[in-house]
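Results of the structural survey
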Amino acid sequence: MPMNYTNSPIEQITFNNRKYFVKRDDLLHKDFSGNKARKFFYFLKNDFPNIKKIVSFGSAQSNAMYSLSVLCKLKDLKFDYYVDHIASFLKENPSGNYKYALDNGMNIKEQEIPTIFNDDVLFISEGGAIKEACFGIEILAKEIIFWAKENKIDNLKVFLPSGTGTTALYLQKYLPFEVLTCACVGDEDYLEKQFNMLEKSNHPTIIRRQKKYHFGKLYKEFYEIHNELLKQTNIEFDFLYDCLGWICYEKYLNKIDNDTFESLYIHQGGILGNISMNERYKHKYNK
Ligand SMILES: *Cc1c(COP(=O)(O)O)cnc(C)c1O
């Protein structure tokens, strides 16, 4: 097994005249990278001799869906994925996560999820909001602690945008630094509830958004900050989480005395999902 399922590099960047470090989890293994590689690492590393199939559900363009398809291919398991609906355009023009997950042998099912499964099925809830995620996220935390020690950084804030909040929560559990996040999928109350489902205390700090955003919708300011990040740092960030993440974290830094600590931004991958988003953005704003 190649080593690069873990231990991603940390780079220093300058964005809008401010210095940041970026943990490049987008540069883990080319097929199994980013947030979902960390969350599903437990299933990659361990053997489950009685399991023949993984079952999950969610949207037809999700990063979790793609990463599970890779996992099932590597582990020689079947993969059934349930969706409410597949847009007819996507069916006729497969792209991004959907296309590559199908190539990996995913059985996509546009129907209700069964309520009972055979004993040989491993069920994984939407977006990988599972306790087993702590296994891979503890490794991520250890890489950050090691790096901070090596570079004699003892005052660090770690930022990452949240979906289910699983990653931010477990990072806070294993890191001796403050972890900050913002809500990208639901609102702040949803995120707090998600944290509470996994752990009762020691939650990350939630930076509130300035306005309501709906997950997967297009916003001009998202497109602008995505392009600006690409131009200034030469790093491609994801549209669904990172654009809002950067907007929130910059606003937060503008409001406080930020000379007293270093910032580490976690790049959680998701670039495969950018293919279809980029087409939609270009179509809308690059006329
Ligand atoms: C899944 C995902 C997230 C959200 O992770 P949670 O643990 O659900 O908060 C953020 N960024 C990317 C790129 C993702 O794929």
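Anything mentioned here points back to the structure above.
Residues numbered from 1 in each chain as written. Predicted model: local features only at pLDDT ≥ 70, side-chain atom pairs only at ≥ 80, totals over all residues. Heavy atoms only, no water.

Quick look at the site of the ligand
To keep it simple, the criterion reads: Nearness of a residue to a molecule or strand requires only that one of the residue's heavy atoms be within 4 Å of it. Two N or O atoms count as a polar contact when they lie within 3.5 Å, although within protein this holds only if one can serve as hydrogen donor and the other as acceptor, and sequence-adjacent residues are included solely when both atoms are side-chain atoms. To be clear on the numbers: accessible area is Shrake-Rupley with a 1.4 Å probe, and residue cover counts the displayed protein chains and nothing else. A helix here means a DSSP run of H or I that spans at least four residues, while a strand means a run of E at least two residues long, and both kinds are numbered starting from the N terminus. Residues are sorted three ways: Asp, Glu, Lys and Arg are charged, Ala, Val, Leu, Ile, Met, Phe, Trp, Tyr, Cys and Pro are nonpolar, and all the rest, Gly among them, are polar.
The full set close to the ligand counts 15 residues, and Lys36, Lys39, Asn63, Thr164 and Thr167 are the nearest of them. Contacts to the ligand include Thr167, whose side-chain N or O atom sits 2.6 Å from an oxygen atom. Considering the ligand on its own, with 390 Å² of exposed area, one finds that the protein chains cover 98% of that surface. Of all the elements in the fold, those that place two or more residues in the shell around the ligand are helix H1 (34–39) and helix H7 (166–174). With 3 residues, H1 is the largest single contributor of residues to the shell around the ligand. Taken together, the residues that form the shell around the ligand break down as 2 nonpolar, 11 polar and 2 charged.

A look at the nonpolar core
Threshold: Buried Ala, Val, Leu, Ile, Met, Phe, Trp, Tyr and Cys residues that are joined via side-chain atoms within 4.5 Å together make up what is termed a nonpolar core. Partly exposed describes any residue whose relative accessible area lies between the buried limit of under 20% and the exposed limit of over 50%, with all areas from a 1.4 Å probe on protein chains only and scaled to the type maximum. The criterion used for residue contact is that any of the two residues' heavy atoms lie within 4.5 Å.
Phe40 and Leu171 are the most contacted members of the largest nonpolar core, which has 55 residues in total. Setting aside anything within four residues of it in sequence, one finds Leu171 in contact with Ile137, Leu140, Ala141, Ile144, Val158, Leu160, Val179 and Ile266. Residues Tyr20, Tyr213, Ile247 and Phe261 belong to the second largest nonpolar core, which totals 32 residues.

As for the sheet that holds strand E9 (residues 205–206)
Put simply, the rule reads: Only strands that DSSP links by at least two bridges are regarded as paired with each other.
Strand order in the open sheet formed by 6 strands is E1-E2-E10-E7-E8-E9, with mixed pairing between adjacent strands. Every interior strand has two partners, whereas the edge strands, strand E1 (10–15) and E9, have only one. As judged from the 4 bridges shared by strand E7 (residues 156–159) and strand E10 (residues 262–267), these two strands associate in the parallel manner. By the bridge assignment for E10, Lys157 is matched with Ser263.

A word on the pairing of E7
We count it as follows: The handedness rule is simple: strands pointing away from the viewer, and a clockwise path from the first strand over the helix to the second, make the crossover right-handed.
Covered by surrounding structure in E7 are Leu156 and Val158 together with Lys157 and Phe159, the residues of both alternating faces. After leaving E7, the chain enters H7 and then returns to the sheet as strand E8 (residues 178–181), a path that is right-handed.

Looking at the pattern of salt bridges
As a reminder of what qualifies: In the sections that follow, a salt bridge refers to a side-chain nitrogen of Lys or Arg positioned within 4 Å of a carboxyl oxygen of Asp or Glu.
Using the criterion set out here, one finds 19 salt bridges in the structure. Where Asp103 meets Lys99, a salt bridge forms, and the shortest distance between an N and an O atom there is 3.8 Å. Separated by 4 residues within a single helix, Asp103 and Lys99 lie in helix H5 (residues 96–103), roughly one turn from each other. Judged by its relative accessible area of 53%, Asp103 falls in the exposed class. Each of Lys23, Asp25, Arg38 and Glu143 takes part in a single network of salt bridges with overlapping partners.

Observations concerning the side chain of Lys39
What counts, and what does not: Asp and Glu are treated as the negative residues and Lys and Arg as the positive ones, with His and the ends of the chain left uncounted.
For Lys39, the location among the structural elements is in helix H1. Asp25 provides the closest opposite charge to the buried, unpaired Lys39, separated from it by 11 Å. Polar side-chain contacts of Lys39 include one of 3.2 Å to the backbone oxygen of Gly127. Those residues in contact with Lys39 that lie beyond four places of it in its chain are Gly127, Gly128, Ile130, Glu132, Ala133, Ile137, Thr164, Thr166 and Thr167.

Observations concerning the packing of helix H9 (residues 220–233) against helix H11 (residues 274–285)
Put simply, the rule reads: Axis definition: a line fit to C-alpha positions, over the contact stretch in the case of helices; interaxial angles, taken between N-to-C directions, run 0 to 180 degrees. Should an angle fall under 35 degrees it is taken as roughly parallel, and over 145 as roughly antiparallel, whereas 65 to 115 is taken as roughly perpendicular and any remaining angle as oblique. Take the far helix as the reference: if the near one is turned anticlockwise from it by less than a right angle, the crossing is left-handed, and if turned clockwise, right-handed.
Between H9 and H11, whose axes approach to 11 Å, the crossing angle comes to 115°. Classed by the angle they form, the pair H9 and H11 counts as roughly perpendicular. As for how H9 packs across H11, the hand of that crossing is left-handed. Listed contacts from H11 to Lys220, Phe222, Tyr223 and His226 of H9 are Asn274, Asn278, Tyr281, Lys282 and Tyr285.

Thoughts on the side chain of Thr233
Relative to the assigned elements, Thr233 resides in helix H9. Exposure remark for Thr233: the relative accessible area of 13% places this residue in the buried category. A polar atom in the side chain of Thr233 sits 2.6 Å from the backbone oxygen of Leu229. At 3.1 Å, the side chain of Thr233 forms a polar contact with the backbone nitrogen of Ile235.

Focus: the sheet that holds strand E4 (residues 78–82)
Taken in spatial order, the 4 strands line up as E5-E4-E3-E6 in an open sheet, and their pairing is parallel. The outermost strands of the open sheet, each flanked by one partner alone, are strand E5 (107–109) and strand E6 (121–124). Adjacent strand axes in the sheet meet at a mean angle of 20°, parallel and antiparallel pairs treated alike. Here helix H3 (residues 63–74) sits on the sheet in contact with strand E3 (53–57), E4 and E6, set at roughly 165° to E4.

Just geometry here; none of it tells us what the structure is for.
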